[in-house]
Amino acid sequence: MTVLLIAAVFRGIVRLPSKGAALATPHISAEPGDFAEAILLPGDPLRAAYIAETFLENVRQVNDVRNMLGFTGSYKDMPVSVMGTGMGIPSASIYITELARDFGCTRLVRVGSCGGISQTLGLRDVVIATGACTDSATNRAKYGGWDFAATADFGLVSAFNDAASAAGIEARTGLVHSSDLFYNPATNALDLWDKMGVLAVEMEAAGLYAIASEFRARAVTVLTVSDHLRTAAETSAKERETTFDDMVRIALDGLVLDAA
Ligand code: HPA
């Protein structure tokens, strides 16, 4: 990834951090109109650079604050942005709120990895998260202490499911658990989530869905199973790269289908 970043800097895709520029929002240095209405949101900003370089045309960098790289370009003539969010709901919420509230992003797509919980899920499977349970306090804090129903946009789920089928990939749809804890000491957590029909664990979807609803945007999360928490199986670095590329293609083609 570091090599990719250095190559991208030399090819002018990634700008090195600028100093002293006025910020449009506290965490994003872009101008109004710099982001497309559709945006892919990987956790890792270097993944954002990779997606921009690999899949988009006419790419320009639109954010570098805290190295949370953001880019805008086009895919099959559709304007699309991509920006990192960091890990976990608190970090992702900052960026997603500013993107939806201040930069006109109305289709928000998390692309990432997840840990498999259900035995019906295999390594490298693609999961479209129709809803997200959570142990995070953020949605309750927003919603007066009550439980917010963190659900994906139905139209985006449907388009992404169709895009996966068209690519010959059978996507799984269902619940994920968005955890604040990557290292969870609760030994009963996996059994409980499994019993309640949760397919996989990740760290951002529940926050994304609440913010999208708050700002009347549409959101979906598409994930690949990078490791299985029941079997301790893990994908290799090479497998992760290939499955990541397949998932990004599903997300981009899903956005095109959704706009048609
Ligand atoms: N926990 C949370 N997020 C994840 C995991 C996990 O085990 N694997 C991949 N993303």
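For the structure itself, consult the block above.
These numbers come from a predicted model, not from an experiment. (Residues numbered from 1 in each chain as written. Predicted model: local features only at pLDDT ≥ 70, side-chain atom pairs only at ≥ 80, totals over all residues. Heavy atoms only, no water.)

Draft legend 1. Highlighting the overall build of the chain. Within the chain one finds eight helices and nine strands. Against the 2.2 N^0.38 benchmark of 18 Å for 260 residues, the chain shows a C-alpha radius of gyration of 17 Å, consistent with a compact globule. Here the C-alpha coordinates of the chain stretch approximately 50 × 45 × 35 Å along the principal axes. Across the 260 residues in the chain, those meeting the buried criterion constitute 50%. Summarising the internal contacts of the chain: among those between residues at least 6 apart in sequence, 76% fall at separations of at least 24. Summed over all atoms, the accessible surface of the chain reaches about 12,100 Å², with 56% contributed by carbon and sulfur. Computing the positive centroid from 21 side-chain charges and the negative centroid from 30, the chain places the two 2 Å apart. (Helix = DSSP H or I, 4+ residues; strand = E, 2+ residues; numbered from the N terminus. Rg over C-alpha atoms; globule rule 2.2 N^0.38 Å. Buried < 20%, exposed > 50% of the residue type's maximum accessible area, 1.4 Å probe, protein only. Contact = heavy atoms within 4.5 Å. Areas by Shrake-Rupley, 256 points an atom, 1.4 Å probe, with all protein chains shown as cover. Lys, Arg positive; Asp, Glu negative; His and termini not counted. Charge placed at Lys NZ, Arg CZ, Asp CG, Glu CD.)

Draft legend 2. Spatial organisation of the nonpolar core. Among the nonpolar cores identified, the biggest contains 72 residues, and Phe35, Leu40, Leu108 and Phe160 are the most heavily contacted of them. The element that contributes the greatest number of residues to this core is helix 8 (residues 237-259), accounting for seven residues. Apart from residues no more than four positions distant in its own chain, Phe35 is found in contact with Ile28, Ala30, Val62, Thr72, Ser81, Met83, Leu99, Phe103 and Cys105. Within the second largest apolar cluster, five residues are counted, among which are Ala189, Trp193, Val198 and Val201. (Core = buried A, V, L, I, M, F, W, Y, C linked by side-chain atoms within 4.5 Å.)

Draft legend 3. Summary view of the site of the ligand. All residues adjacent to the ligand are Ser113, Cys114, Gly115, Phe182, Val201, Glu202, Met203, Ser226, Asp227 and Leu229. A distance of 3.0 Å separates a nitrogen atom of the ligand from a polar side-chain atom of Asp227. Alone, the ligand offers 260 Å² of accessible surface; in the complex the protein occludes 90% of this. Looking at which element gives the most residues to the shell around the ligand, the answer is strand 5 (residues 107-116), with three residues. (Near = heavy atom within 4 Å. Polar contact = N/O pair within 3.5 Å; in protein donor to acceptor, adjacent residues only side chain to side chain.)

Draft legend 4. Up close: helix 5 (residues 154-166). In this model helix 5 runs 18 Å from its N-terminal to its C-terminal C-alpha over 13 residues, within 8% of the 18 Å that 1.5 Å per residue would give. Listed in full, the buried residues belonging to helix 5 are Leu156, Val157, Ala159, Phe160, Ala163 and Ala164. What you see down the axis of helix 5 is that its buried residues fit within an arc of 170°, all on one side. Away from the buried face of helix 5 by more than 90 degrees, exposed residues Phe154 and Ala166 are located. Against strand 5, strand 6 (126-134), strand 7 (172-178), strand 9 (218-228) and helix 8 lie the buried residues of helix 5. The N-terminus of helix 5 is capped by Asp153, whose side-chain oxygen sits 3.1 Å from the backbone nitrogen of Gly155. Directly after helix 5, the chain includes Gly168, whose backbone phi takes a positive value near 75°. (Expected span 1.5 Å × (residues − 1). Arc of directions from axis to C-beta.)

Draft legend 5. Representation of the pairing of strand 3 (residues 70-75) within the structure. With six of its six residues buried, strand 3 lies for the most part within the structure. With burial as the criterion, each face of strand 3 is covered, one bearing Gly70, Thr72 and Ser74 and the other bearing Phe71, Gly73 and Tyr75. Relative to strand 3, strand 2 (residues 57-63) is paired through four bridges, and the arrangement is antiparallel. Of the residues in strand 3, the one forming a bridge with Arg60 is Thr72. Adjacent in sequence and paired antiparallel, strand 2 and strand 3 are bridged by six residues, among which Arg66 carries a positive phi angle near 55°. Bridging between strand 3 and strand 4 (residues 78-83) involves six bridges; their strand directions are antiparallel. (Pairing = 2+ DSSP bridges.)

Draft legend 6. Representation of unusual backbone geometry within the structure. Phi angles above zero are rare outside glycine, and Arg66 is one such case at about 55°. Locating Arg66 in the fold gives a position in the loop between strand 2 and strand 3. If you check the backbone angles, Arg124 has positive phi at about 75° while not being a glycine. Relative to the elements of secondary structure, Arg124 occurs in the loop between strand 5 and strand 6.

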